[in-house]
Amino acid sequence: MTDVAVVGAGLAGLACATRLVTHGADVVVLEARDRVGGRTEGGWRPDGTPVELGGQWIGPTQHRMHALAAELGLALFPTHVTGDAVYELSGKRQLKKDGANPPLGVLGTADVGAGLLTLNRRAGKVDPEQPWAASGAEALDARTFADWIRRRPTPTGRRFWEIATRAVFSAEPADVSLLHVLSYVHGAGSWEQLLDTHGGAQQDRFVGGSHQVAERLAARLGDRVRPGSAVSGVEHGPAGVTVTTETGERAIAERVVVALPPTLAGRLSYEPGLPAARDQLTQRVPMGAVIKVHVQYETPFWREDGLSGTALSDGPDVQVVFDNSPPDGSSGVLLAFVEGRDAVRWGDRPEAELHAAVVGRLTGLISPRAAHPVAVVSRDWTAERWTRGCYGGYLPPGVWTTYGRALREPVGPVHWAGAECGLVWAGYMEGAVRSGEATADAVLASMSGHQ
């Protein structure tokens, strides 16, 4: 019998296991995939350079990830932003220095500025630890973010918020509770922190790829981590837990930490069954829909043209683009995101058609030279069995105020962790690590001999 079984070797599960082992607990980590890292994943382009198929950025206020990178000996480098960003709104292509206000016109700029002030101020009054306790929570949770956007006074301002919503949540504004948006913004510090590159969540990248964080944590844990062990059921009671995998492997422990997104946690079989609030919650926290497409060129030619490689568009298929080239600029990579309903629409179509459509959009957005890539590499996260979507789970209207208390509340010896459970930077690598460590502390406090 082990002290703690951890289900999932993403960043939350590995951070949790690391904290537990540091305090003397006996731990086993069961991972369904044949790799660790969860929503961070490494791969290789045809020329042998690394590609990040999953989460890749950290920002200056994500202090735990910065500390972890230093502890693991991982170097960072800034996302390339030098030059003009491309904005395509209502079919009109314009250039602006990165960090400057989008070309929304005088009224649109004033509208977005006022919206940012209002949203950030209201978010400051919603505690991410208990959003349901905020003043007016029921009314806020009854509204979608689309309801809030529709009240913005200018068409250009409304288009900006629609694009920004897909960029942050990989979901449509009509899908997400306004209360959830406010809680999310509070946890990040501001909407600008969520959206910005320099000074924001997309500021820094890992030399060699973010997947190395999970790989190095797993290496420290050694054979405690068991890939290829897809958990199917959790039997729990006063005497502890028995965790069973699809192949019949069993782990008997005093406690279990399920470090999975709520929608995946809800697909496990529990005996006895979970309380109604927790079970209903898992049915109501969908994952975002996103396809991440890397388009590689021999050189980052757009830099020669004075472009940063950043693009924002309200056109079809591709609405957000970044320069994702390696730090030495030895080749050029444009990263295009297909998000929300566009990702769903493309999900059952041939990959070659998607790649052709993305290259076509880059040709119009960036340059005619973008029509001739040397390679295209993509990852459709909605098709990943052990993820079911990215960037993270979001709460639709009514969920926080009705079921939110069950998100982090343990059920006997069953504890929960994951990016969605984070209080700070929920949905991000930072939120995942913080959640895993906080859950480990709670588990240790509940176990005799490990305080």
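To be clear, the structure that these remarks concern was listed above.
Nothing here was measured: the structure is a model prediction, and the numbers come from that model.

S.K.: Help me understand the nonpolar core, please; the structure alone is not making it clear to me.
M.R.: Generally speaking, a soluble globular protein has its nonpolar side chains buried in company with each other. Counting residues in hydrophobic clusters, the biggest one holds 45 residues, and the most contacted among them are Leu119, Phe145, Trp161, Val181, Trp191 and Leu194. Looking at this core, the elements that each hand over two or more residues are helix 3 (105–123), helix 4 (137–142), helix 5 (145–150), helix 6 (155–169), helix 7 (178–188), helix 8 (191–195) and helix 15 (399–403). Looking at which element gives the most residues to this core, the answer is helix 7, with 7 residues. In this structure Trp191 touches Leu116, Leu119, Asn120, Phe145, Trp161, Ala164, Thr165, Val168, Phe169, Val181 and Val185, once residues within four positions along its chain are discounted. With 38 residues, the next largest nonpolar core counts Ala15, Ala218, Val257 and Met429 among its residues.

S.K.: Quick question: what am I supposed to make of unusual backbone geometry here?
M.R.: With an omega of -5°, the peptide bond between Glu271 and Pro272 qualifies as cis. Position of Pro272 relative to the elements: it lies in the loop between strand 14 (269–271) and helix 11 (276–282). Look at the link from Cys390 to Tyr391: it is a cis peptide, with omega at 5°. Among the structural elements, Tyr391 can be located in the loop between strand 19 (375–380) and helix 15.

S.K.: For this particular structure, what's the right way to read empty space enclosed by the protein?
M.R.: In this approach a probe as big as a water molecule rolls over the atoms, and the regions it shows empty are the leftover space. Counted by the stated rule, this structure contains 2 cavities of 30 Å³ or more. The space that makes up the largest cavity amounts to roughly 120 Å³. Residue lining of the largest cavity: 14 residues in total, with His180, Tyr184, Trp400, Glu420 and Ala426 positioned closest to the centre. The leading source of residues in the lining of the largest cavity is helix 7, at 3 residues.

S.K.: Explanation requested: helix 14 (residues 351–365) in the structure shown.
M.R.: Count 3.6 residues to each turn of an α-helix, and residues three or four apart come out pointing the same way. Taking 1.5 Å as the rise per residue, helix 14 with 15 residues should run 21 Å; its terminal C-alpha atoms sit 21 Å apart, in good agreement. Taken as a whole, helix 14 has its buried residues at Leu354, His355, Ala357, Val358, Val359, Arg361, Leu362 and Leu365.

S.K.: Hey, could you run me through the layout of surface pockets in this one?
M.R.: Roughly 420 Å³ of volume is contained in the second largest pocket. Glu129, Arg408, Cys421, Leu423 and Ala438 are, among the 19 residues lining the second largest pocket, the residues nearest its centre. Where the lining of the second largest pocket is concerned, the elements lending two or more residues are strand 20 (414–416) and helix 16 (429–446). Considering every element that reaches the lining of the second largest pocket, the biggest residue donor is helix 16, with 5 residues. Grouping the constituent residues of the lining of the second largest pocket by class yields 9 nonpolar, 5 polar and 5 charged.

S.K.: What exactly am I supposed to notice about the packing of helix 3 against helix 7 here?
M.R.: Packed helix pairs are specified by the crossing angle of their axes together with the interaxial distance, meaning the distance between the axes. Interhelical geometry of helix 3 versus helix 7 gives an angle of 85° and a closest axis separation of 8 Å. In terms of axis orientation, helix 3 runs roughly perpendicular to helix 7. Facing Leu119, Asn120, Arg122 and Ala123 of helix 3, the residues of helix 7 in contact are Val181, Leu182, Val185 and His186. Taken together, the residues of the contact of helix 3 with helix 7 sort by class into 5 nonpolar, 2 polar and 1 charged.

S.K.: Any chance you could explain helix 2 (residues 63–71) here in plain terms?
M.R.: Every buried residue of helix 2 is accounted for by Met65, Leu68 and Ala69. Viewed along the axis of helix 2, the buried residues span an arc of 100°, placing them on a single side of the element. Among the exposed residues of helix 2, those oriented more than 90 degrees off its buried face are His63 and Ala70. Elements in contact with the buried residues of helix 2: strand 5 (57–58), strand 9 (204–206), helix 9 (211–221) and helix 16. Downstream of helix 2 by a residue or two, Gly73 has a phi angle that is positive, lying close to 75°.

S.K.: Help me understand a positive patch on the surface in this model?
M.R.: A grouping of Arg121, Arg122, Lys125 and Arg151 is seen on the molecular surface, where their side chains present a positively charged patch. Relative to the helices and strands, Arg151 resides in the loop between helix 5 and helix 6.

S.K.: Would you mind going over the side chain of Glu420 with me for this structure?
M.R.: Mapping Glu420 onto the fold places it in the loop between strand 20 and helix 16. By relative accessible area, Glu420 is classed as buried at 9%. At a separation of 2.8 Å, a polar atom in the side chain of Glu420 contacts the side chain of Arg39. Residue contacts for Glu420: discarding those within four places in its chain leaves Arg39, Pro261, Pro262, Met287, Gly392, Gly393, Leu407, Arg408, Ala426 and Gly427.

S.K.: Help me out: how do you make sense of the sheet that holds strand 7 (residues 84–89) in this one?
M.R.: The strands making up a sheet associate through backbone hydrogen bonding, with each pair oriented either parallel or antiparallel. The strand order across the open sheet formed by 7 strands is 8-7-16-17-18-15-19, and the pairing between neighbours is mixed. At either margin of the open sheet sits one strand with a lone partner, and together these are strand 8 (92–97) and strand 19. The average angle at which neighbouring strand axes cross in this sheet is 20°, direction not considered. Pairing between strand 17 (residues 320–323) and strand 18 (residues 332–339): 4 bridges, direction antiparallel. The residue of strand 18 that forms the bridge with Asp323 is Leu334. Contacts from helix 14 reach strand 7, strand 8, strand 15 (290–297), strand 16 (307–313), strand 17, strand 18 and strand 19 within the one sheet, and its direction differs from that of strand 15 by about 65°.

S.K.: What am I meant to see in the state of the cysteines here?
M.R.: Joining two cysteines, a disulfide is a covalent bond between their sulfur atoms. This model, assessed by the stated rule, comprises 0 disulfides. Its sulfur unpaired, Cys390 is 16 Å from the next cysteine sulfur, which belongs to Cys421. Looking at Cys421, it has no disulfide partner, and the nearest cysteine sulfur is the one in Cys16, 11 Å off.

S.K.: Is there a simple way to think about the packing of aromatic side chains in this case?
M.R.: Under the definition given, this model contains 19 aromatic pairs. Taking the centre distance of 6.4 Å and the plane angle of 85° together, the rings of Phe322 and Phe337 count as edge-to-face. Highlighted residues: Phe322 in strand 17 and Phe337 in strand 18, separated in sequence by 15 residues. Take Phe337: its relative accessible area is 5%, and that puts it in the buried class.

S.K.: For this particular structure, what's the right way to read the sheet that holds strand 5?
M.R.: An order of 5-9-6 is seen for the 3 strands of this open sheet, with the pairing classed as antiparallel. Each having just a single partner strand, strand 5 and strand 6 (76–78) make up the two edges of the open sheet. Pairing of strand 5 with strand 9, which is carried by 2 bridges, proceeds in the antiparallel orientation. The residue bridging Ile58 from the neighbouring strand is Asp204, located in strand 9.

Definitions and cut-offs
Residues numbered from 1 in each chain as written. Predicted model: local features only at pLDDT ≥ 70, side-chain atom pairs only at ≥ 80, totals over all residues. Heavy atoms only, no water. Core = buried A, V, L, I, M, F, W, Y, C linked by side-chain atoms within 4.5 Å. Buried < 20%, exposed > 50% of the residue type's maximum accessible area, 1.4 Å probe, protein only. Helix = DSSP H or I, 4+ residues; strand = E, 2+ residues; numbered from the N terminus. Contact = heavy atoms within 4.5 Å. 1 Å grid on protein atoms, 1.4 Å probe; cavity = no way out; pocket = protein on both sides within 12 Å on 5 of 7 lines; lining within 4 Å. Points joined across faces, edges and corners; volume = space filled by probe spheres on them. Expected span 1.5 Å × (residues − 1). Nonpolar A, V, L, I, M, F, W, Y, C, P; charged D, E, K, R; others polar. Axes fitted to C-alpha atoms, helices over the stretch in contact; angles between N-to-C directions. Parallel < 35°, antiparallel > 145°, perpendicular 65-115°, else oblique. Arc of directions from axis to C-beta. Patch = residues over 30% accessible without salt bridge, like charges linked within 9 Å, V, L, I, M, F, W, Y side chains within 5 Å. Areas by Shrake-Rupley, 256 points an atom, 1.4 Å probe, with all protein chains shown as cover. Salt bridge = Lys/Arg side-chain N within 4 Å of Asp/Glu carboxyl O. Lys, Arg positive; Asp, Glu negative; His and termini not counted. Charge placed at Lys NZ, Arg CZ, Asp CG, Glu CD. Polar contact = N/O pair within 3.5 Å; in protein donor to acceptor, adjacent residues only side chain to side chain. Pairing = 2+ DSSP bridges. Disulfide = S-S within 2.5 Å. Phe/Tyr/Trp six-rings, centres within 6.5 Å; stacked < 30°, edge-to-face > 60°.

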